[in-house]
Amino acid sequence: ADVLRVPEVVAVAREFIVLEHIETSSIRPPGFSRAFGAALAELHTSTSAARFGFAHDNYLGATPQPNGELDDWVEFFGRRRIGYQLGLARERGHARRGDELDTLGARLLEALGEIIGEPDEPPCLLHGDLWGGNYLVAEDGAPVLIDPAVYYGRREADLAMTRLFGGFDGAFYAGYEARWPLAAGAERRFVVYELYHLLNHLNLFGGSYRSSCIAHLRRLV
């Protein structure tokens with residue numbers, strides 16, 4: 001979308017990828033956060049797709065991320081995101097049939113339409129894993145996005161990840177909302193989108209994330 005800078009791809013082979021080197025700064029210039037938030041909103045408003053998902057699967061960290069395209073956001077997020085991660089949790093021994101994580105997860109999937117069905121916003125291009133470690137401050141003071149888990153989805157999924165582990169201040173959100181205000185009820189929807197990443201952390205890093213997953217599920221159902 002030519003809105004936010006990303007490293008140029010220099011070369012790709014089966015065994016490696018070579019990216020442009022980004023000279024970084026340890027100093028954020030005045031107005032950095034607000035401009036970054038506004039630019040993310042511009043990315044979301046200036047991109048679109050006919051369906052939710054992406055042309056191919058990719059990864060969220062080291063976890064495969066299925067992106068098979070679907071017309072319905074609730075179905076997509078239920079099957080390709082929450083349901084997929086719950087299935088991995090059972091496969092990897094972090095959940096068992098009938099235990100609290102499994103039972104609450106099933107209840108969430110049944111209620112998902114009531115929670116994230118609205119607002120009826122179109123698919124837009126998402127970074128997909130936008131926590132504080134996945135952006136740089138370039139030498140010229142511009143934000144640079146790195147390490148995406150990209151797909152087309154609803155924008156609140158990107159914003160939820162910015163909130164989960166910190167790294168984004170109030171000016172960032174003010175800049176975003178000045179460009180595209182959030183609809184009512186976003187706080188509850190954020191809990192669903194945060195849960196996807198917490199489940200992924202459970203599947204990547206183990207049981208220390210189980211209590212956070214259950215806490216989010218209890219808030220929802």
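As a starting point, this report considers the structure included with it.

What counts, and where the lines are drawn
Residues numbered from 1 in each chain as written. Predicted model: local features only at pLDDT ≥ 70, side-chain atom pairs only at ≥ 80, totals over all residues. Heavy atoms only, no water. Helix = DSSP H or I, 4+ residues; strand = E, 2+ residues; numbered from the N terminus. Rg over C-alpha atoms; globule rule 2.2 N^0.38 Å. Buried < 20%, exposed > 50% of the residue type's maximum accessible area, 1.4 Å probe, protein only. Salt bridge = Lys/Arg side-chain N within 4 Å of Asp/Glu carboxyl O. Phe/Tyr/Trp six-rings, centres within 6.5 Å; stacked < 30°, edge-to-face > 60°. Lys NZ or Arg CZ within 6 Å of the ring centre and 35° of its normal. Core = buried A, V, L, I, M, F, W, Y, C linked by side-chain atoms within 4.5 Å. Contact = heavy atoms within 4.5 Å. Arc of directions from axis to C-beta. Patch = residues over 30% accessible without salt bridge, like charges linked within 9 Å, V, L, I, M, F, W, Y side chains within 5 Å. Areas by Shrake-Rupley, 256 points an atom, 1.4 Å probe, with all protein chains shown as cover.

**Digging into the overall build of the protein chain**
Phase 1: The helix and strand tally for the protein chain stands at seven helices and eight strands.
Phase 2: A compact globule built from 221 residues should have a C-alpha radius of gyration of about 17 Å, and the protein chain, at 18 Å, falls within 12% of that.
Phase 3: Structurally, the protein chain occupies a C-alpha span of about 55 × 45 × 35 Å along its principal axes.
Phase 4: Of all 221 residues assigned to the protein chain, the portion counted as buried reaches 48%.

**Details of the pattern of salt bridges**
Phase 1: One pass over the full model with this rule turns up 12 salt bridges.
Phase 2: Residue Arg51 is joined to Asp71 by a salt bridge in which the shortest nitrogen-to-oxygen separation is 2.9 Å. You can see Arg51 sitting in the loop between α1 (32-46) and β3 (58-60) and its partner Asp71 sitting in the loop between β4 (63-65) and α2 (73-91), a full 20 residues away along the chain.
Phase 3: The class for Asp71 is exposed, based on a relative accessible area of 58%.
Phase 4: The network of salt bridges with shared partners includes Arg163, Glu187 and Glu194.

**Observations regarding the packing of aromatic side chains**
Phase 1: Under the definition given, this model contains 17 aromatic pairs.
Phase 2: Each ring, one from Phe52 and one from Trp73, has its centre 5.1 Å from the other, and the planes form 45°; the classification is tilted. With a gap of 21 residues between them, Phe52 in the loop between α1 and β3 and Trp73 in helix α2 connect regions that are remote in the sequence. The residues Phe52 and Trp73 share a single accessibility class, namely buried.
Phase 3: Here Phe168 and Phe172 contribute two aromatic rings whose centre-to-centre distance is 4.8 Å and whose plane-to-plane angle is 55°, an arrangement assigned as tilted.
Phase 4: For Phe172, a relative accessible area of 1% puts it in the buried group.
Phase 5: Three or more aromatic residues joined by ring pairs make a cluster, and in this case those are Phe52, Trp73, Phe76, Phe77, Tyr151, Tyr193 and Tyr196.
Phase 6: The positively charged end of Arg81 is found above the aromatic ring belonging to Tyr151, 4.2 Å away from the centroid.

**Quick word on the nonpolar core**
Phase 1: Ranked by size, the top nonpolar core spans 57 residues in total, and within it Phe77 and Ile116 carry the most contacts.
Phase 2: Tallying contributions element by element places helix α6 (residues 186-205) first for this core, with 10 residues.
Phase 3: Sequence-distant contacts of Phe77, defined by excluding residues within four places in its chain, comprise Ile82, Gly83, Leu112, Ile116, Tyr151, Val192, Tyr193 and Tyr196.

**Quick notes on helix α7 (residues 210-220)**
Phase 1: Within α7 the residues assigned to the buried category are Cys213, Ile214, His216, Leu217 and Leu220. All buried residues of α7 lie within an arc of 160° about the axis, which places them on one face of the element. Exposed side chains of α7 directed beyond 90 degrees from the buried face belong to Ser211, Arg218 and Arg219.
Phase 2: Taken together, the buried residues of α7 touch α3 (100-116) and α6.

**Let's talk about a nonpolar patch on the surface**
Phase 1: Taken together, the side chains of Val9, Val12, Ile17 and Leu19 present a nonpolar region at the surface, about 380 Å² in accessible area.
Phase 2: Taken together, the elements giving at least two residues each to the nonpolar patch come down to β1 (9-12) and β2 (17-19).
Phase 3: Of note, Val9 is situated in strand β1.
Phase 4: Its relative accessible area of 49% is what places Val9 among the partly exposed residues.

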